[in-house]
Amino acid sequence: MPTSASKTFIERQARVVGYHDKGIVVEVTASSGCTQCAKGQGCGAGLLSRPRSWQLEIDVPPYSEGGPVPPLNSEVTVAMPKASVTQLTWLIYGLPLLMGLVVAGIGSVVSDSTWLAPGLFFSVLMCGMVGLKYALGQRAEFFRPQLIDAP
């Protein structure tokens, strides 16, 4: 039965494989697919999914204070707020694309040069990519999964 928490978080099961100075290292396995994929009627998203597991470092606040931590090889649940995933997607894909289109449109209205609009578009995309790298680097913790259930 879904709870209100599961509607606001993207949850994944993980296994504790190690420790780091502020918490734990977990291994998240790739999902096996949805029922549509099992029937051979998938949308193709499975082609883009990670084929095997990957590891994440999860900060556990009590760990840095000497509190209890999950033992090795135990199953834990990690989650990330859906709103932060949506915000990150908008910042990475939507905002630079929108800015590039607006600047290219203004450039094409201002000048009759054939290469000005495409040049402006790709310049704004590149500047946006570099700018986001530094802007998001300082707020990276907001977009990291959190430990929500441990044994």
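Structure first, text after, so check above.
Here goes a summary of the coordinates provided.

Analysis parameters
Residues numbered from 1 in each chain as written. Predicted model: local features only at pLDDT ≥ 70, side-chain atom pairs only at ≥ 80, totals over all residues. Heavy atoms only, no water. 1 Å grid on protein atoms, 1.4 Å probe; cavity = no way out; pocket = protein on both sides within 12 Å on 5 of 7 lines; lining within 4 Å. Points joined across faces, edges and corners; volume = space filled by probe spheres on them. Helix = DSSP H or I, 4+ residues; strand = E, 2+ residues; numbered from the N terminus. Nonpolar A, V, L, I, M, F, W, Y, C, P; charged D, E, K, R; others polar. Core = buried A, V, L, I, M, F, W, Y, C linked by side-chain atoms within 4.5 Å. Buried < 20%, exposed > 50% of the residue type's maximum accessible area, 1.4 Å probe, protein only. Contact = heavy atoms within 4.5 Å.

Observations regarding the layout of surface pockets
Working step 1: For the largest pocket, the calculated volume is near 320 Å³.
Working step 2: Lining of the largest pocket is provided by 11 residues; of these, Arg12, Trp54, Leu56, Met80 and Pro145 occupy positions nearest its centre.
Working step 3: Sorting the residues of the lining of the largest pocket by element identifies β1 (9–20), β3 (54–59) and β4 (75–81) as the ones contributing at least two each.
Working step 4: Top contributing element to the lining of the largest pocket by residue count: β4, with 3 residues.
Working step 5: Grouping the constituent residues of the lining of the largest pocket by class yields 9 nonpolar, no polar and 2 charged.

A short note on the nonpolar core
Working step 1: Counting residues in hydrophobic clusters, the biggest one holds 9 residues: Ala14, Val16, Ile24, Val26, Val28, Ile58, Val60, Val76 and Val78.
Working step 2: Looking at this core, the elements with two or more residues in it are β1, β2 (23–28) and β4.
Working step 3: Apart from residues lying up to four places away in sequence, Ile58 is in contact with His20, Lys22, Gly23, Ile24, Val26, Val78, Arg144, Pro145, Gln146 and Leu147.
Working step 4: Met80, Leu132, Leu136 and Phe143 belong to the second largest nonpolar core, which has 5 residues in total.

Side note on the environment of Glu57
Working step 1: When you line up the elements, Glu57 lands in strand β3.
Working step 2: Since its relative accessible area comes to 44%, Glu57 is described here as partly exposed.
Working step 3: Sequence separation between Glu57 and Glu27 is 30 residues; the distance between their C-alpha atoms is 9.0 Å.
Working step 4: Not counting residues within four places of it along the chain, the set of residues in contact with Glu57 comprises His20, Ile24, Val25 and Arg144.

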